[in-house]
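These are the residues of each chain, in order.
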Amino acid sequence: TCFGVFNTSTGHDPTQSSIASPWFSTAFGLIGLCSNLFALCVLLSSSRKLSSQARSSFLVFLCGLVVTDFMGLLVTASVIIPYHFIKFAWAKVDPGCHLCNFLGFSMVFFGQCPLLLGATMAGERFLGINHPFSRSTSVSKRRAWTIVGLVWGFSCLLGLLPVLGLGRYTLQYPGSWCFLTLLPDTGNVIFCLLFALLGICSVLLSFIFNTVSVVTLCRVYHGQESVQRRRDSEVEMMVQLVGIMVIATICWMPLLIFIVQTVLQQLPAQGQTQVLPVETQKLLLIYIRMVTWNQILDPWVYILFRRAVLQRIYPSLRRPSLRPRPSIVSLYP
């Protein structure tokens, strides 16, 4: 059953009104949807004006990220927000746990996708900047969409694991959403660790790839090649990638580390714990609130860190130069 971990009686505790206020979900959902719609319009407008294949493929990855964040907010909010205002009884409305499984799948799918897409984008830029001769041609738009589709497919398989028998989705505090189960039985422990460690590895890979790429760009622009004009588009892409990585790290790492700590600390009590402690349920809700900000802030990274905006903040980016435009391959003989 999907109703065993959360004690519904705690959902009517007056002390939980601040942390589980319905206005949090409503405000976050509306702000996130509007932000992602605005970013999608800007992306589509920018993609029509580009001739650079590298930049075009990068915009495809960004578009996949924005679409994922938008759909994640739309799907989850369509279930969570009505619950807060209607207060329907899950056991009566969803006795077979189909709605709960769908919502849990959505939380895992739309949560893991941005992390994997961030790592994929960082890896693509790492190859393009540090190993320009390892690819015969730049990633085309079609290939970029194929990679985005593979990320979606992998995240979909991950989200279906509880439906196939590995772990289970259960109702979470305050009774408005479903997520993976932080109990110490074998199936739930494996699924929780798989979800959390995969997310942590994605963040770490993004950090490594982006750090090496930034160092390489600094060598090009501030080393012996500093006499040449900056490659504005490469700087723009790296600023956006670093922004996405920082937001993902701040919003996701607390939740992922919390999941690992919770399931490993409960292992000695395997088979005894049937209901999560109330404090653990409340902490999980707080960390999920933080994760929601990832979907809200991601589109603003692109909106605010575009070249037109950066040129207003850093006017030297628009200054013409009499020297030739450098190539990133100038590092290589």
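Residues numbered from 1 in each chain as written. Predicted model: local features only at pLDDT ≥ 70, side-chain atom pairs only at ≥ 80, totals over all residues. Heavy atoms only, no water.

### Details of the pairing of strand 1 (residues 169-172)
In summary, the side chains of a regular strand alternate between the two faces of the sheet.
Here is step 1: The pairing of strand 1 with strand 2 (residues 177-180) spans four bridges and is classified as antiparallel. Looking across to strand 2, one finds that T170 is bridged to F179. (Pairing = 2+ DSSP bridges. Helix = DSSP H or I, 4+ residues; strand = E, 2+ residues; numbered from the N terminus.)

### Observations concerning empty space enclosed by the protein
Here is step 1: Inspection of every chain in the model, using the stated rule, returns two cavities of 30 Å³ or more.
Here is step 2: Approximately 410 Å³ is the volume found for the largest cavity.
Here is step 3: Taken together, 27 residues make up the lining of the largest cavity; nearest its centre are T76, I80, M107, I288 and T292.
Here is step 4: A per-class count over the lining of the largest cavity returns 15 nonpolar, 11 polar and one charged.
Here is step 5: Put simply, the second largest cavity is a space of about 90 Å³.
Here is step 6: Lining the second largest cavity are P114, L115, G118, A122, S202, V203, S206, N210, L241, I244, M245 and A248.
Here is step 7: Elements with a contribution of two residues or more to the lining of the second largest cavity: helix 4 (98-130), helix 6 (186-222) and helix 7 (232-265).
Here is step 8: Tallied by class, the residues present in the lining of the second largest cavity amount to eight nonpolar, four polar and no charged. (1 Å grid on protein atoms, 1.4 Å probe; cavity = no way out; pocket = protein on both sides within 12 Å on 5 of 7 lines; lining within 4 Å. Points joined across faces, edges and corners; volume = space filled by probe spheres on them. Nonpolar A, V, L, I, M, F, W, Y, C, P; charged D, E, K, R; others polar.)

### Here we look at the packing of helix 1 (residues 22-47) against helix 8 (residues 278-304)
Here is step 1: One way to put it is that helix 1 packs onto helix 8 with a least axis distance of 8 Å and a crossing angle of 25 degrees. The orientation of helix 1 relative to helix 8 falls into the category roughly parallel. Once helix 1 is placed against helix 8, the crossing between them reads as left-handed. Residues F24, S25, F28, I31, G32, S35, N36, F38, A39, V42, L43 and S46 of helix 1 touch helix 8, and the partners they reach there are R289, T292, W293, Q295, I296, P299, W300, Y302 and I303.
Here is step 2: Classifying every residue of the contact of helix 1 with helix 8 gives 13 nonpolar, seven polar and one charged. (Axes fitted to C-alpha atoms, helices over the stretch in contact; angles between N-to-C directions. Parallel < 35°, antiparallel > 145°, perpendicular 65-115°, else oblique. Left-handed = near helix turned anticlockwise from the far one by under 90°. Contact = heavy atoms within 4.5 Å.)

### Thoughts on the nonpolar core
Here is step 1: Ranked by internal contacts, the top residues of the largest apolar core, which has 49 residues, are W90, W177, F179, L180, L182, F195 and I259.
Here is step 2: Mapped by element, the contributors of at least two residues to this core are helix 2 (53-86), helix 4, strand 1, strand 2, helix 6, helix 7 and helix 8.
Here is step 3: The residues touching I259, leaving out its near neighbours within four places in the chain, are F179, L180, L182, C192, F195 and A196.
Here is step 4: Ranked by size, the runner-up nonpolar core spans 28 residues in total, among them M121, A144, V151 and I247. (Core = buried A, V, L, I, M, F, W, Y, C linked by side-chain atoms within 4.5 Å. Buried < 20%, exposed > 50% of the residue type's maximum accessible area, 1.4 Å probe, protein only.)

### Overview of the packing of aromatic side chains
Here is step 1: According to the stated counting rule, one finds 10 aromatic pairs in the structure shown.
Here is step 2: Here F126 and F209 contribute two aromatic rings whose centre-to-centre distance is 5.0 Å and whose plane-to-plane angle is 35 degrees, an arrangement assigned as tilted. Taken together, the residues span a long stretch of sequence, with F126 in helix 4 and F209 in helix 6 at a distance of 83 residues.
Here is step 3: Since its relative accessible area comes to 17%, F126 is described here as buried.
Here is step 4: A relative accessible area of 22% places F209 in the partly exposed class.
Here is step 5: Seen in terms of ring centroids, W177 and F179 are 5.8 Å apart; in terms of plane orientation they differ by 40 degrees. Their pairing is tilted.
Here is step 6: Its relative accessible area of 2% is what places F179 among the buried residues.
Here is step 7: Each member of the aromatic cluster is reached from another via a ring pair, and the members are W177, F179, F195 and W252. (Phe/Tyr/Trp six-rings, centres within 6.5 Å; stacked < 30°, edge-to-face > 60°.)

### Remarks on the UniProt feature "transmembrane region" (unreviewed entry) in the protein
Here is step 1: Per the UniProt record, the feature "transmembrane region" (unreviewed entry) sits at residues 23-46, 58-83, 103-123, 144-167, 187-220, 241-264 and 284-305.
Here is step 2: Within residues 58-83, the helical portion is 100% and the strand portion 0%, while the C-alpha atoms at the span's ends are 38 Å from each other.
Here is step 3: Helix makes up 100% of residues 187-220 and strand 0%, whereas the separation of the span's terminal C-alpha atoms amounts to 49 Å. (UniProt positions renumbered as here; feature names shortened; annotations may be inferred.)

### Looking at the state of the cysteines
Here is step 1: Scanning all chains against the criterion turns up one disulfide.
Here is step 2: Here C100 pairs with C178 through a disulfide, and the sulfurs are 2.0 Å apart. The S-S bond linking C100 to C178 shows a torsion near -115 degrees; that makes this disulfide left-handed. Taken as a pair, C100 in helix 4 and C178 in strand 2 lie far apart in primary sequence, 78 residues in all.
Here is step 3: Taking relative accessible area as the criterion, C178 reaches 0% and is therefore assigned buried. (Disulfide = S-S within 2.5 Å.)

### Considering the side chain of Q240
Here is step 1: Secondary-structure assignment places Q240 in helix 7.
Here is step 2: Sequence-distant contacts of Q240, that is, excluding residues within four places in its chain, are made with R55, F58, L62, V301, Y302, F305 and R306.

### Some details on the pattern of salt bridges
Here is step 1: The tally for this structure, following the rule as stated, stands at one salt bridge.
Here is step 2: One salt bridge in this structure joins R125 and E124, with 3.2 Å as the shortest N-O distance.
Here is step 3: Among the residues examined, E124 registers a relative accessible area of 7% and is labelled buried. (Salt bridge = Lys/Arg side-chain N within 4 Å of Asp/Glu carboxyl O.)

### Details of the packing of helix 4 against helix 5 (residues 141-164)
Here is step 1: Put simply, helix 4 and helix 5 touch, their axes get as near as 8 Å, and they point 145 degrees apart. For helix 4 against helix 5, the interelement crossing comes out right-handed. The residues of helix 5 that touch helix 4, namely those facing F105, V108, F109, Q112, C113, L116, L117 and T120, are I147, V148, V151, W152, F154, S155, C156, L158, G159 and L160.
Here is step 2: Its residues placed into classes, the contact of helix 4 with helix 5 shows 14 nonpolar, four polar and no charged.

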